[in-house]
Amino acid sequence: VQLQASGGGLVQAGGSLRLSCAASGGTFSYYGMGWFRQAPGKEREFVAAISRSGRITYYTDSVKGRFTISRDNAKKTVDLQMNSLKPEDTAVYYCAARFGFTTTEGEYDYWGQGTLVTVSS
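Residues numbered from 1 in each chain as written. Predicted model: local features only at pLDDT ≥ 70, side-chain atom pairs only at ≥ 80, totals over all residues. Heavy atoms only, no water.

## So, the state of the cysteines
Every disulfide links exactly two cysteines, by a covalent bond between their sulfur atoms. With the rule as written, the count across this model stands at 1 disulfide. A sulfur-sulfur distance of 2.1 Å marks the disulfide that ties Cys21 to Cys95. Across the S-S bond of Cys21 and Cys95 the torsion is about 60°, and the bridge reads as right-handed. Linking Cys21 in strand 3 (residues 17-24) with Cys95 in strand 9 (residues 91-99), this pair joins segments that are 74 residues apart in sequence. For the pair Cys21 and Cys95, one class covers both residues: buried. (Disulfide = S-S within 2.5 Å. Helix = DSSP H or I, 4+ residues; strand = E, 2+ residues; numbered from the N terminus. Buried < 20%, exposed > 50% of the residue type's maximum accessible area, 1.4 Å probe, protein only.)

## Things to note about the side chain of Gln81
Tracing the chain through its elements places Gln81 in strand 8 (residues 77-82). A distance of 2.8 Å separates polar atoms of two side chains, one belonging to Gln81 and the other to Asn83. In this view, Gln81 contacts Ser16, Leu17, Arg18, Arg66, Phe67 and Thr68; residues no more than four positions away in its chain are not counted. (Polar contact = N/O pair within 3.5 Å; in protein donor to acceptor, adjacent residues only side chain to side chain. Contact = heavy atoms within 4.5 Å.)

## Examining a nonpolar patch on the surface
Judged by side-chain polarity, Ile56, Tyr58 and Phe101 come together as a nonpolar surface patch covering roughly 290 Å² of accessible area. Among the structural elements, Ile56 can be located in the loop between strand 5 (45-50) and strand 6 (57-59). (Patch = residues over 30% accessible without salt bridge, like charges linked within 9 Å, V, L, I, M, F, W, Y side chains within 5 Å. Areas by Shrake-Rupley, 256 points an atom, 1.4 Å probe, with all protein chains shown as cover. Salt bridge = Lys/Arg side-chain N within 4 Å of Asp/Glu carboxyl O.)

## Some words on the pattern of salt bridges
Tallied over the full model, the rule gives 7 salt bridges. Lys64 serves as the salt-bridge partner of Asp61, at 3.0 Å between the closest nitrogen and oxygen. We classify Asp61 as exposed; its relative accessible area is 60%. What you see here is one network of salt bridges that share partners, running through Arg37, Glu45, Arg66 and Asp89.

## A word on the sheet that holds strand 3
Taking strand neighbours across the sheet as the criterion, the 4 strands line up as 1-3-8-7 in an open arrangement whose pairing is antiparallel. Since the sheet does not close on itself, it has two edges, and those belong to strand 1 (2-6) and strand 7 (67-72), each with one partner. Here the average twist between neighbouring strands, direction ignored, is 15°. For strand 7 and strand 8, the ladder comprises 6 bridges, and the chain directions are antiparallel. Paired with Ile69 across the strands is Leu80, a residue of strand 8. (Pairing = 2+ DSSP bridges. Axes fitted to C-alpha atoms, helices over the stretch in contact; angles between N-to-C directions.)

Rendered as structure tokens:
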């Protein structure tokens, strides 16, 4: 499956952005999906994950209550709605896919190219 992330940009602290990841190839509904991010000078970290059906979601503590992951299996997309953004949310955001549900980076099989989110203070 090929993944294409979009929606990044520059936003002021407290603002919102919505990232989208479009999938092509494969059967999208077979894949659990995740969002990860890599801030400058730091390792890539888990942000959010959603199960194949969309009924199960999981977030890293730092984004709980601010970010929402969702998916549309008919459109083959997974979105990350980001509200109340903080400067520490600045990073390149990646979407990823694998069979089954996981929050572990190393267990994802397919990755998008990343989209840059910059939050100014």
